[in-house]
Amino acid sequence: MQVAPPSPFLKRLPPGAWVVLAWCGGMAFTFLLRLRLPGEWYPAARPAAQFFRWDGQVNMAVATALALAGGALLRRRPLWALVLLLTASALGTMPLGVAEIPLPQFLAAEVAVFFIAAGRPRATGVVAVLLALAVLGGYLAVRLMCGWPITTSSETAVALTTVIAWLLGNSVRESREHAEELRVRAATQAVTDERLRIARELHDMVAHSIGVIALQAGAARRVIDTQPERARDALGEIETAGRQTLSGLRRMLGGLRGPEQGRTAPPVPLEPAPMEPGHPKPGHPKPGHREPGHPKPGHREPGLGLADLDRLAATITQAGVRVDVRRSGEPRPLPPEIDVSAYRIVQEAVTNVVRHAGTTSCRVSIGYRDDEVRIEVLDDGRGGDAEGGYGLIGMRERVGVLHGTFAAGPRPGGGFRVEARLPVPTGVR
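Student: What is the right way to read helix α5 (residues 103-119) from this model?
Tutor: Look at α5: 23 Å from first C-alpha to last across 17 residues, which is about the 24 Å you get at 1.5 Å a residue. The buried fraction of α5 amounts to 12 of the 17 residues, a majority that puts the element mostly inside the structure. Here α5 has its buried residues at P104, Q105, F106, A108, A109, E110, V111, A112, V113, I116, A117 and A118.

Here is the structure:
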């Protein structure tokens, strides 16, 4: 059986409001018990002489004022709020002419004990329940010292419900702490997995660049005596490939350092990678291209990048979600680590659209600027949680490694938006 979700109004009620509602409900029940309702020959509880007198009504009014003050103070000073509520319960009991604090008068205090145990440290919850039990026992002790009768069994039942309220609140707090621990552990594992994936892709890109360097070095060695110009060109490409590889390593390994070094360290300075006129940049082969002699990297492709977005869009469209790819600015070759990360961010974002958005289309925008590449993925689906997805954690980790900025969240008009800005080093603008 499917359970209906709680009302948004009920979810927005603060703990103090529940305490006030519990007090008002208890007071209403107290008055109903002492009135002869339709169909009854006599009231369920005989009212004391002072119950309807002015002094009894003043006691009730003062007790209600204390309960309202306790409800307002519960979030900021929980133990002081509980003291006010316990005072209200004792003061509200006096006009009733009973031998114990009844449950209706103590209900607000029990609700407060629950919320204190659920939302505060364990020690605070223990103090709260002991304070409540002390008031119950103190009320009976005062009556005994005055020579008045007491009702131990009824007060024991009230004490038992107070302990149950504390146990429930303590259980809620422990469940919340356990869930938060699992969430943090899962998020940490997601970051670790994403770092390993980035490291593997970085290994493939470096291996590819080293393969290019090896090929060019071999070509230069063969023609250095007979064709010096070609040898010079090959050596120039070796220099350029080496500079670009070193620059990419500094960028990504600087971000992949251990958590103990923090993510607040400034980006590592980048060396420009000058290009000779007429020479293509190594490390940016056509999609799917693999130099001879370079080992096949399993399921990872060093050539994957923004140039492959149209192929990705076609694949996602076949899955049932039309992907509209839009480009602005002047497309240009990017460093391999930026190109691959940009592709992975778009891939993860559109995959989330297919899995979670419940829509039939999305839009991918790629903006090439002088100093950065801007990625934006928009959909008009059901939206979602900006903090809860491990895919978002992975995207944020990739952007953080490259010292960029990342934002994700529901759109005001409906749907979801993912935006990433990846800085482009000076030498490759």
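Structure shown, so let's carry the discussion forward.
Student: Can you help me understand the nonpolar core in this one?
Tutor: Soluble, globular proteins show a tendency: their nonpolar side chains are buried together. With 37 residues, the main nonpolar core has I366 and V418 as its most contacted residues. Residue assignment for this core shows that the elements contributing at least two residues are α9 (309-318), β1 (322-328), α10 (336-357), β2 (361-368), β3 (372-379), α11 (390-401), β4 (405-410) and β5 (416-423). When near neighbours in sequence (up to four residues on either side) are disregarded, V418 contacts A349, I375, E376, V377, L392, M395, F406, A407 and A408. In terms of nonpolar packing, the next biggest core, distinct from the first, is built from 35 residues, L74, V98, A109 and V129 among them.

Student: Looking at this structure, how should I read unusual backbone geometry?
Tutor: Most peptide bonds adopt trans geometry, and most residues besides glycine take a negative phi value. Non-glycine residue H403 carries a positive phi angle of around 60 degrees. Along the chain, H403 turns up in the loop between α11 and β4.

Student: Where do I start with the confidence of the model for the chain in this structure?
Tutor: In low-pLDDT segments, the atomic positions of the prediction should not be examined closely. Across the chain, pLDDT averages 78, with 77% of residues at or above 70. Across the chain, the element-wise mean pLDDT spans from 56 in helix α1 (residues 8-12) up to 94 in α5. Scored below 50 in pLDDT, residues 1-6 shows one contact in the model against residues more than four places distant or in partner chains. Within the model, the stretch residues 258-302 combines pLDDT values under 50 with 76 contacts to residues more than four positions away or in other chains.

Student: Help me understand the sheet that holds β3, please; the structure alone is not making it clear to me.
Tutor: Judged by pairing direction, the sheet is mixed, and its five strands sit side by side in the order β1-β2-β3-β5-β4 without closing on themselves. Looking at strand neighbours, the two that pair on one side only are β1 and β4, the edges of this open sheet. Across this sheet, the average inter-strand angle for adjacent strands is 10 degrees, counted without regard to direction. Helix-sheet contacts for α9 involve β1 and β2, and the interaxial angle to β1 is about 160 degrees.

Student: Sorry, what's going on with the pairing of β5 here?
Tutor: Look at any regular strand and the pattern is simple: side chains alternate between the two faces of the sheet. With eight bridges connecting them, β3 and β5 associate as antiparallel partners. Bridge pairing in β5 links R374 to R421. Where β4 meets β5, six bridges bridge the pair, whose relative direction is antiparallel. Looking at the pairing, P410 lines up with F416 of β5. Linking β4 back to β5 in an antiparallel pair, the connection comprises five residues, with G414 at a positive phi of about 110 degrees.

Student: Would you mind going over helix α6 (residues 122-145) with me for this structure?
Tutor: Residues spaced three or four apart along an α-helix point in a common direction, a consequence of the helix completing one turn every 3.6 residues. Its 24 residues place the ends of α6 34 Å apart at the C-alpha level, agreeing with the 34 Å of an ideal helix rising 1.5 Å per residue. Of the positions making up α6, those classed as buried are T124, G125, A128, V129, A132, L136, Y139, L140 and R143. Once α6 finishes, G147 follows within two positions and takes phi at roughly 80 degrees, a positive value.

Student: It is not clear to me how the packing of aromatic side chains should be interpreted in this structure. Could you clarify?
Tutor: Aromatic rings considered in pairs are described by the distance between their centres and by the relative angle of their planes. What the rule picks out here adds up to one aromatic pair. Ring centres 5.2 Å apart and planes at 75 degrees place the aromatic pair F114 and F115 in the edge-to-face group. In this structure F115 comes out as partly exposed when scored by relative accessible area, which is 24%.

Student: Sorry, what's going on with the side chain of S365 here?
Tutor: In this structure, S365 sits in strand β2. If sequence neighbours within four positions are ignored, S365 has contacts with R326, R374, I375 and E376.

Student: I keep staring at the packing of helix α2 (residues 15-33) against α5 and nothing clicks. Help me out?
Tutor: A pair of packed helices is captured by two measures, namely the crossing angle of their axes and the spacing between those axes. Relative to each other, α2 and α5 sit at 165 degrees, their axes nearing to 7 Å. One finds that α2 runs roughly antiparallel with respect to α5. Handedness of the α2/α5 crossing: right-handed. Facing α2, whose interface residues are P15, W18, V19, A22, W23, G26, M27, F29 and T30, α5 presents P104, Q105, L107, A108, V111, A112 and F115. When its residues are assigned to classes, the contact of α2 with α5 shows 13 nonpolar, three polar and no charged.

Student: What is the right way to look at the pattern of salt bridges in this model?
Tutor: Close approach of charged atoms lets side chains of opposite charge pair. Within the structure shown, the criterion is met by 16 salt bridges. Linking R183 and E180 is a salt bridge whose minimum nitrogen-to-oxygen distance equals 2.8 Å. You can see R183 and its partner E180 sitting in helix α7 (residues 152-223), three residues apart, about one turn around the helix. Judged by relative accessible area, which is 43%, R183 ranks as partly exposed.

Student: Would you take a moment to explain the packing of α9 against α10 for this structure?
Tutor: Between α9 and α10, whose axes approach to 11 Å, the crossing angle comes to 15 degrees. It follows from the interaxial angle that α9 and α10 lie roughly parallel. In terms of crossing hand, the pair formed by α9 and α10 is right-handed. In contact with L309, L312 and I316 of α9, α10 contributes Y343, V346, Q347, V350 and V354. Split by residue class, the contact of α9 with α10 holds seven nonpolar, one polar and no charged.

Cut-offs applied
- Residues numbered from 1 in each chain as written.
- Predicted model: local features only at pLDDT ≥ 70, side-chain atom pairs only at ≥ 80, totals over all residues.
- Heavy atoms only, no water.
- Helix = DSSP H or I, 4+ residues; strand = E, 2+ residues; numbered from the N terminus.
- Expected span 1.5 Å × (residues − 1).
- Buried < 20%, exposed > 50% of the residue type's maximum accessible area, 1.4 Å probe, protein only.
- Core = buried A, V, L, I, M, F, W, Y, C linked by side-chain atoms within 4.5 Å.
- Contact = heavy atoms within 4.5 Å.
- pLDDT = per-residue confidence, 0-100.
- Pairing = 2+ DSSP bridges.
- Axes fitted to C-alpha atoms, helices over the stretch in contact; angles between N-to-C directions.
- Phe/Tyr/Trp six-rings, centres within 6.5 Å; stacked < 30°, edge-to-face > 60°.
- Parallel < 35°, antiparallel > 145°, perpendicular 65-115°, else oblique.
- Left-handed = near helix turned anticlockwise from the far one by under 90°.
- Nonpolar A, V, L, I, M, F, W, Y, C, P; charged D, E, K, R; others polar.
- Salt bridge = Lys/Arg side-chain N within 4 Å of Asp/Glu carboxyl O.

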